[in-house]
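Chain residues, written in single-letter form:
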Amino acid sequence: MTDEEFEEIYANNKILGNFEMQKEISSNITRPIKQKDINWYTPKIPVKNQGRCGACWAFAATGLLEYDYFIKKKEIVSLSEQELLDCVPIKYNYGCKGGIPYYALEFVKDSGINYEKDYPYEKRQRKCQIRLKKAPKLVQNVQMTPIGETAIYETLFYSPVIVAVYANSKVWKSYKKGFITATECGRNRPNHAILILGVVREGGQRLWYARNSYGETWGLNGHLKLAMNENACQIGDTHGFYVTV
């Protein structure tokens, strides 16, 4: 697969415009007190696969909500990415060509969301379907972090965080082990949404630990590690998202 094909399918540049639009949204973050490193990861929540559809924005949103519900209730839910693809207003939703995670979360806040089993993923955008079996209320408010890695780190003590990264580098496509550095990733516009779950250490170095949406055969069972404090893959270039539940 060429770089152009990979970016068209898995890492669409519309995500950058989406995250830049966050400047119009007021931030109401309450900064937690810095503590020791934290990692919300659990193997109980499986990594999903967006397939040949640039729906990372929808998968990042459902991943955040699934983790938040597990943190709060200790219960596993699987939510419908397809409903977000179909039903988030077209102004903020390019379907398989990108979307705005903030407005996916706002949609869930206002309209709720179905379980995946009731509105299954089809890897394409369709007409919005009416479903009645909604999940429990999952969002009170959608929040935006300040720009930068420090804000991501501080927010992690409250919740996992959706961020944008540049994902069209060779190391990203072939990633299987270890961690990705800023040098390996290169410097380019963020074009892919992932979910930061926590911070881990490897060889004395602190690393971001994140969930991707390429399935469990990619990376570390669907997850990845990124070097901290060097803006690896431009992780610190845009605001991040989380919700209050």
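Just so it is clear, the model here is predicted, and its values are computed rather than measured.

Reading guide: rules and limits
Residues numbered from 1 in each chain as written. Predicted model: local features only at pLDDT ≥ 70, side-chain atom pairs only at ≥ 80, totals over all residues. Heavy atoms only, no water. Core = buried A, V, L, I, M, F, W, Y, C linked by side-chain atoms within 4.5 Å. Buried < 20%, exposed > 50% of the residue type's maximum accessible area, 1.4 Å probe, protein only. Helix = DSSP H or I, 4+ residues; strand = E, 2+ residues; numbered from the N terminus. Contact = heavy atoms within 4.5 Å. 1 Å grid on protein atoms, 1.4 Å probe; cavity = no way out; pocket = protein on both sides within 12 Å on 5 of 7 lines; lining within 4 Å. Points joined across faces, edges and corners; volume = space filled by probe spheres on them. Salt bridge = Lys/Arg side-chain N within 4 Å of Asp/Glu carboxyl O. pLDDT = per-residue confidence, 0-100. Pairing = 2+ DSSP bridges.

### Overview of the nonpolar core
With 45 residues, the main nonpolar core has Trp-57, Leu-65, Leu-84, Leu-105, Leu-138 and Ile-162 as its most contacted residues. When contributions to this core are tallied by element, the ones reaching two or more residues are helix H3 (56-73), helix H4 (81-87), helix H5 (101-111), strand S1 (141-144), strand S3 (192-202), strand S4 (205-211) and strand S6 (241-244). If we ignore the near neighbours within four places in the chain, the residues touching Leu-65 are Leu-79, Leu-105, Val-108, Leu-138, Val-139 and Val-243. Residues Tyr-153, Val-171, Ala-210 and Cys-233 belong to the second largest nonpolar core, which totals 28 residues.

### Some words on empty space enclosed by the protein
A complete count under the given rule lists one cavity of 30 Å³ or more for this structure. One number sums up the size of the largest cavity: a volume of about 70 Å³. Around the largest cavity, the lining residues are Lys-48, Cys-56, Phe-59, Ala-60, Gly-63, Ala-193, Ile-194, Leu-195, Arg-211, Asn-212 and Ser-213. Breaking the lining of the largest cavity down by element, the ones donating at least two residues are H3 and S3.

### Re the pattern of salt bridges
Applying the stated criterion across every chain, the model contains eleven salt bridges. Note that Arg-201 and Asp-37 form a salt bridge whose closest N and O atoms lie 3.0 Å from each other. Taken together, the residues span a long stretch of sequence, with Arg-201 in strand S3 and Asp-37 in the loop between helix H2 (14-20) and H3 at a distance of 164 residues. Given a relative accessible area of 55%, Arg-201 falls into the exposed group. The class for Asp-37 is partly exposed, based on a relative accessible area of 22%. Close ionic contact of Glu-122 with Arg-126 constitutes a salt bridge, the shortest N to O distance being 2.7 Å. Overall, Glu-122 belongs to the partly exposed group, its relative accessible area being 32%.

### Quick notes on the confidence of the model for the chain
Looking at the chain as a whole, its pLDDT mean stands at 87, while 86% of the residues score no less than 70. The low-confidence segment residues 21-33 (pLDDT under 50) makes 29 contacts with residues lying over four places distant or belonging to another chain.

### Looking at the pairing of strand S2 (residues 161-165)
Most of S2 sits inside the fold, with five of its five residues counted as buried. Strand direction decides the pairing type here: S2 and S3, joined by five bridges, are antiparallel. Within the sheet, the bridge partner assigned to Val-161 lies in S3 and is Ile-196.

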